[in-house]
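# Examination of the molecular architecture
Now for the letters of each chain:
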Amino acid sequence: MLNIKPVSDLRNYNDVLRDCGLNNPVYLTKNGRGRYVLVDIAEYEKKNALLELYAKLAEGEKQIENGKYMSLEEARARLRKKYAE
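Criteria and cut-off values
Residue indices follow the written sequence of each chain, beginning from 1 at its first position. The predicted origin of the model limits local features to residues at a pLDDT of at least 70 and limits the giving and counting of side-chain atom pairs to 80 or more, whereas totals for whole chains, interfaces and linings rest on all residues. Here the side-chain values reflect all heavy atoms present in the structure, with hydrogen atoms and water set aside. The numbering of helices and of strands both runs from the N terminus, where a helix is a DSSP run of H or I of at least 4 residues and a strand a run of E of at least 2. The buried label applies to any residue whose accessible area, calculated with a 1.4 Å probe on protein chains only, is under 20% of its type's maximum; exposed applies above 50%, and partly exposed to all values in between. Contact definition: two residues touch when any of their heavy atoms are within 4.5 Å. Identification of polar contacts relies on pairs of N or O atoms within 3.5 Å, with a donor-acceptor requirement for protein atoms, meaning one able to donate a hydrogen and the other able to accept it, and with residues adjacent in sequence counted only if both atoms are side-chain atoms.

### Some points on the environment of Asp-19
With respect to the helices and strands, the residue Asp-19 is situated in helix H1 (residues 13–19). Owing to a relative accessible area of 28%, Asp-19 belongs among the partly exposed residues under this scheme. With eleven residues separating them along the chain, Asp-19 and Ser-8 place their C-alpha atoms 15 Å apart. In this structure, Asp-19 is in contact with Asn-3, Lys-5, Asn-24 and Val-26, ignoring residues within four places of it in sequence. At 2.9 Å, the side chain of Asp-19 forms a polar contact with the side chain of Lys-5.

Structural data, given as structure tokens:
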């Protein structure tokens with residue numbers, strides 16, 4: 001269930017922070033409209049890491065579409081050469 005509170009509840013921020021936990025963000029409203037979201041730092045970092053991963057995957061897909069890729073054997077040979085030194 002969504003945890004929605006008016007931004008004025010931040011006057012008692014300890015109560016608001018107590019309600020904010022992992023996978024349990026607190027949505028803050030201002031003048032009756034959604035305005036802010038408070039999330040646990042671990043959840044925030046996890047979501048940012050996922051966004052970075054999705055961006056890298058999208059970049060890889062574009063490279064494949066443009067014909068810029070190598071076979072598994074080529075990749076292995078390249079890695080062996082790089083890390084054998």
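### Quick look at the side chain of Lys-5
Within the secondary structure layout, Lys-5 lies in strand E1 (residues 3–6). Residue classification places Lys-5 among the buried positions, given a relative accessible area of 17%.

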